[in-house]
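# Survey of secondary and tertiary structure
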Amino acid sequence: MATYLYRLGRLAFRRRHFVALIWVALLTLAGVGAASAPTAGASSFSIPGTEAQHAFDLLEQRFPGMSADGATARVVFKAPGGEKVTAQDRKAVIEKTVRDLRGGSEVASVADPFTAHAVSKDGTIAYAQVKYKVSGMELQDASKDALKAAAQQARNGGLTVEVGGDALQAIPETGASEVIGIAIAAVVLVITFGSLVAAGLPLLTALIGVGIGVSTITALANALDLGSTTSTLAMMIGLAVGIDYALFIVSRYRAELAEGHEREEAAGRAVGTAGSAVVFAGLTVVIALVGLAVVNIPMLTKMGVAAAGTVAIAVLIALTMIPALLGYAGRKVMPAGEKSRLLGGGRPAAAKDRPNMGTRWASFVVRRPLTVLLLGVVALGAAAVPASKLELGLPDDGSQPVSTTQRRAYDLLSEGFGPGFNGPLMVVVDAKSSDDPKAAVTTVSNEIKDMKDVVTVTPATFNKSGDTAMITVIPGSKPSSTTTEDLVHDIRDAGPGITAHTDAKLLVTGTTAMNIDVSQKLNDALVPYLALVVGLAFLLLIVVFRSILVPLKAALGFLLSVTAALGAVVAVFQWGWLSGLMGVEETGPVMSMMPIFMVGVVFGLAMDYEVFLVTRMREAYVHGEAPGQAIVTGFRHGARVVTAAAVIMIAVFSGFIGSSESMIKMIGFGLAIAVFFDAFVVRMALVPAVLALLGRRAWWLPKWLDRVLPNVDVEGEGLRTGAGTDSRDPDADPDRKLLRA
């Protein structure tokens, strides 16, 4: 591995014009594809194997033309204080608004509040239900403008008017905080390298990689049914790993220069050693992201595969474009320890025998390993405590900022019709096998009416064949409450008894039921997913480190950091701690896919730091150093770079906390805090402490397994014995032989 990558690095350094041209061409091609691609529609959301999805599919089949996936809007009207919407002048304004709403070409139907019984008991609030023929993302701007204009006209008539539903759904915005995150990354790189040119290389390559990845996702969004969240997450992860992978190779290049190697040789060695770590670190991230397919939720699978593709691009760019750009930079990228005249006055490198911060910290941990281990475990355990109270759900309009019309419409509906009105349950009765479908549906309605927490059961709506009916059930509690979840289970539990008496099947669907099924499916998939991803990565790390205990320690450390990060997410987004600082306007259940998504992404990123830091330790150990000294050596060479990489990744992820989309905000915070815990507590403290306690046993591997495992040579031993000569003889250069061949 190291020898092959060494040759690739030298080849890219020497043929830099060709390499740069390839990547620029790919970026241009992806950009043209994105610009010419048709606008993507709304990403479909399906959950194969769940009752809610089965009911939805049945509705599509039995109620053709219903546009079940079409956009909806609830235009909510509230009369001024002391008045009612049923007053003649207020009613006239609402009826005119309803007529205006019916005029759009994409409008399927508009329900008049006064004929659809959509007026609150006190007569102060009413709503008109608008159904469109197309989804929210496919809705034309003219239809959205007409909806806004009708609402504004009603406001001019003296009513308070707000619009809920997904008809006004907008692409999430991240705001200026994303740019701030990249700016912080730039500052950290300048401080780390002491050179503007060296600092600019990781940023440039990361932006090119993300540009290719996101543009490709945009170009394929319509064909592959990818939502806007997919590209946002690919950008988030691609930026973080792209900067980090390039950072490690540039840092190793500067270290090789400091040892006296020529620039082309240094580039080859950097790609051969640090590049090997990049390959395996990237593989762990890709395994974790692609492994999300185990959950069998298509949207989550697409998000994982798209992000994994962006990570793969980041790895390839780091291995090829970084050495090519180093060839262009020439002497502007200086050996480790030296700074540019602009930033450091051209001062020479510091004395090599002067211990740096990483050396001093590692020496302290090696002297006090048990104390450091106990303090780290206790700190992470305390942070993980809130995770025991984790409640899962999916965001709805109630989690939107109070400044949005969707949130205000949600609150008005809760005020006028009760909290459960925003989460109606749709009960589908399949009476095709029943002798008396109407009697069967009546039986279902009567049984549901007697259940706890049921406020309203609407009359059944039959299809044309009369063998399938829809019944809307309004709970008494809000959609995200455990009481509403219990009601869904109670209705479903009544199904077998109803089937036994009437031969009719009862299914519960709707947004609330769908959310409950998603949460259950994700919970059921968590353990198999952990087993698959951690198991595959464990085998991969055994090959990398040629050890049993080091990969085991890496996996256990990851579990500590991800649990602590979930605890922090619960404290902020569910309990409201520091919610004002994070811009969380409404607390509530944690997004259902958050735990499994964090497990996948954080595991991959955690293994990045494990690979980069511990390979340096193993490199020192296999070259004869004692276990304790190898830990110190690893930190002397790797701690500064790993620290910089972690700060950069935290800054990039934190930039997405400013997103207007609650899901992106939560993921940005969760990943940022998880990287903090994993990099600075687990990898910087617990890892050296455990290795110090284990001593030589940390690197133990059964002899039979050692013979079976392939030798991937991540430490670059082959470079020392074969390729690693600064020979100027063309025939002694394996790279030149490769070119001539």
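Residues numbered from 1 in each chain as written. Predicted model: local features only at pLDDT ≥ 70, side-chain atom pairs only at ≥ 80, totals over all residues. Heavy atoms only, no water.

## Let's talk about helix H9 (residues 263-290)
The test is simple: The angle separating two fitted axes, one through the seven residues that finish at a residue and one through the seven that start at it, defines the bend at that residue. Labels follow the DSSP assignment, with helices taken as runs of H or I lasting at least four residues and strands as runs of E lasting at least two, numbered in each case from the N terminus. A 1.4 Å probe rolled over the protein chains alone gives each residue an accessible area, and that area as a share of the maximum for its type sets the label: buried under 20%, exposed over 50%, partly exposed in between.
The axis of H9 is deflected most strongly, by about 35 degrees, at Gly275. Of all the 28 residues making up H9, 24 are buried; the element is thus mostly covered by neighbouring parts of the structure.

## Quick word on a negative patch on the surface
Our working rule: Nonpolar side chains (Val, Leu, Ile, Met, Phe, Trp, Tyr) within 5 Å and like charges within 9 Å form the patches, drawn only from residues with over 30% relative accessible area and no salt bridge. In short, Shrake-Rupley with a 1.4 Å probe defines the accessible areas, and a residue's cover is counted only from the protein chains shown. Within this document, salt bridges are pairs made up of a side-chain nitrogen of Lys or Arg and a carboxyl oxygen of Asp or Glu, the two lying within 4 Å of each other. When charges are counted, neither His nor the chain ends are considered; positive counts come from Lys and Arg and negative counts from Asp and Glu. The atoms used to mark charge sites are NZ of Lys, CZ of Arg, CG of Asp and CD of Glu.
A cluster of acidic residues, Glu485, Asp486, Asp490 and Asp493, forms a negative patch at the surface. Here Asp490 shows up in helix H16 (residues 482-493). Taking relative accessible area as the criterion, Asp490 reaches 37% and is therefore assigned partly exposed.

## Quick word on the nonpolar core
The test is simple: The nonpolar core is taken to be a set of buried Ala, Val, Leu, Ile, Met, Phe, Trp, Tyr and Cys residues, with the residues joined through side-chain atoms within 4.5 Å. Residues are treated as being in contact if the distance between any of their heavy atoms lies within 4.5 Å.
Counting 172 residues, the largest nonpolar core has Tyr245 and Leu300 as the members making the most contacts within it. A per-element tally of this core places helix H23 (residues 662-694) first, with 21 residues. For Leu300, the contacting residues outside a window of four places in its chain are Leu292, Val295, Leu522, Met593, Ile596 and Phe597. Counting residues in hydrophobic clusters, the runner-up holds 26 residues, among them Ala79, Val130, Leu147 and Ala167.

## A short note on the side chain of Glu610
The condition that has to hold: The definition of a polar contact used here is a pair of N or O atoms within 3.5 Å, where within protein one atom must be able to donate a hydrogen and the other to accept one, and adjacent residues in sequence count solely through side-chain atom pairs.
Within the element layout of this structure, Glu610 appears in helix H21 (residues 594-622). Using a relative accessible area of 1% as the deciding quantity, one classes Glu610 as buried. For Glu610, the side chain forms a polar contact with the side chain of Lys553, separated by 2.4 Å.

## Remarks on the side chain of Thr502
With respect to the element layout, Thr502 can be found in helix H17 (residues 495-502). From its side chain, Thr502 meets the backbone oxygen of Ile498 in a polar contact 2.7 Å long.

## Examining empty space enclosed by the protein
Our working rule: A pocket here means an open set of points on a 1 Å grid, computed over the protein atoms alone, that has protein on both sides within 12 Å along at least five of seven lines. A cavity is instead a set of points where a 1.4 Å probe fits but cannot get out; residues with an atom within 4 Å of a point line either one. Grid points are joined across faces, edges and corners, and a volume is the space filled by probe spheres set on the points. Throughout, the ten residues Ala, Val, Leu, Ile, Met, Phe, Trp, Tyr, Cys and Pro are labelled nonpolar, Asp, Glu, Lys and Arg are labelled charged, and all others, Gly among them, are labelled polar.
Per the counting criterion, the structure on display carries 2 cavities of 30 Å³ or more. Roughly 50 Å³ of internal volume is contained in the largest cavity. Taken together, Thr205, Ala206, Gly209, Val210, Gly238, Gly242, Ala246, Thr310, Ala314, Ile317 and Ala318 make up the full set of residues lining the largest cavity. Contributing elements (two or more residues each) for the lining of the largest cavity: helix H7 (196-224), helix H8 (228-258) and helix H10 (298-329). Its residues assigned to classes, the lining of the largest cavity shows 6 nonpolar, 5 polar and no charged. Reported here for the second largest cavity is a volume of approximately 30 Å³. In terms of lining, the second largest cavity is formed by Pro627, Ala630, Ile631, Leu691, Gly695, Ala698 and Trp699. At 3 residues, helix H22 (residues 627-654) tops the list of elements feeding residues into the lining of the second largest cavity.

## What about the pattern of salt bridges?
According to the stated counting rule, one finds 18 salt bridges in the structure shown. A salt bridge links Glu264 to Arg14; the nearest nitrogen and oxygen atoms lie 2.0 Å apart. Taken as a pair, Glu264 in helix H9 and Arg14 in helix H1 (residues 2-14) lie far apart in primary sequence, 250 residues in all. Assigned by exposure class, Glu264 and Arg14 land together as buried. A salt bridge links Asp678 to Arg683; the nearest nitrogen and oxygen atoms lie 2.8 Å apart. Each member of the pair, Asp678 as well as Arg683, is classed as buried. A network of salt bridges, in which partner residues are shared, links Arg10, Arg14, Glu264, Glu265 and Arg269.

## Here's the deal with the confidence of the model for the protein
Quick reminder of the rule: One confidence number per residue, pLDDT, is output by the predictor and ranges from 0 to 100.
For the protein, mean pLDDT is 83; residues scoring 70 or higher make up 89% of the total. Contacts from residues 723-741, a stretch scored under 50 in pLDDT, to residues over four places away or in other chains number 33 contacts.

## Notes on the sheet that holds strand S4 (residues 160-165)
Put simply, the rule is: Strands are labelled as partners when DSSP assigns at least two bridges between them. Axis angles are defined between N-to-C directions and span 0 to 180 degrees, where every axis is a line fitted to C-alpha atoms and, for a helix, only to the segment in contact.
The antiparallel open sheet is built from 4 strands, whose spatial order is S2-S3-S1-S4. Two strands in the sheet have a free side with no partner beyond their single neighbour: strand S2 (107-111) and S4. Going across the sheet, the axis of each strand differs from the next one's by a mean of 20 degrees, ignoring polarity. Pairing of strand S1 (residues 72-78) with strand S3 (residues 125-132), which is carried by 7 bridges, proceeds in the antiparallel orientation. Along S3, the bridge assignment pairs Lys78 with Ile125.

## With respect to unusual backbone geometry
Residues apart from glycine generally show negative phi values, whereas peptide bonds are mostly found in trans. Positive phi is not limited to glycine here, since His117 has a value of about 55 degrees. Here Asn296, not a glycine, exhibits a phi torsion of approximately 65 degrees, which is positive.

## A word on the packing of H21 against H23
We apply this condition: When the near helix sits turned anticlockwise from the far one by under a right angle, the crossing is termed left-handed; a clockwise turn instead gives a right-handed crossing.
At a minimum axis distance of 9 Å, the contact between H21 and H23 shows a crossing angle of 35 degrees. For the element pair H21 and H23, the recorded crossing hand is right-handed. Broken down by class, the residue content of the contact of H21 with H23 amounts to 20 nonpolar, 1 polar and 3 charged.

## What about helix H12 (residues 357-367)?
Note the following rule: Working note: the arc is built from the helix axis to C-beta atom directions.
Looking only at H12, the buried set comprises Gly358, Thr359, Ala362 and Val365. Viewed end-on, H12 has its buried residues packed into an arc of 130 degrees, placing them on one side of the element. Within H12, the exposed residues directed more than 90 degrees away from the buried face are Met357 and Arg367. Residues of H12 that are buried make contact with helix H13 (369-384), H22 and H23.

## Section: the environment of Arg10
Here Arg10 is to be found in helix H1. Along the backbone, Arg10 and Ala270 are 260 residues apart, and their C-alpha atoms lie at a distance of 9.7 Å.

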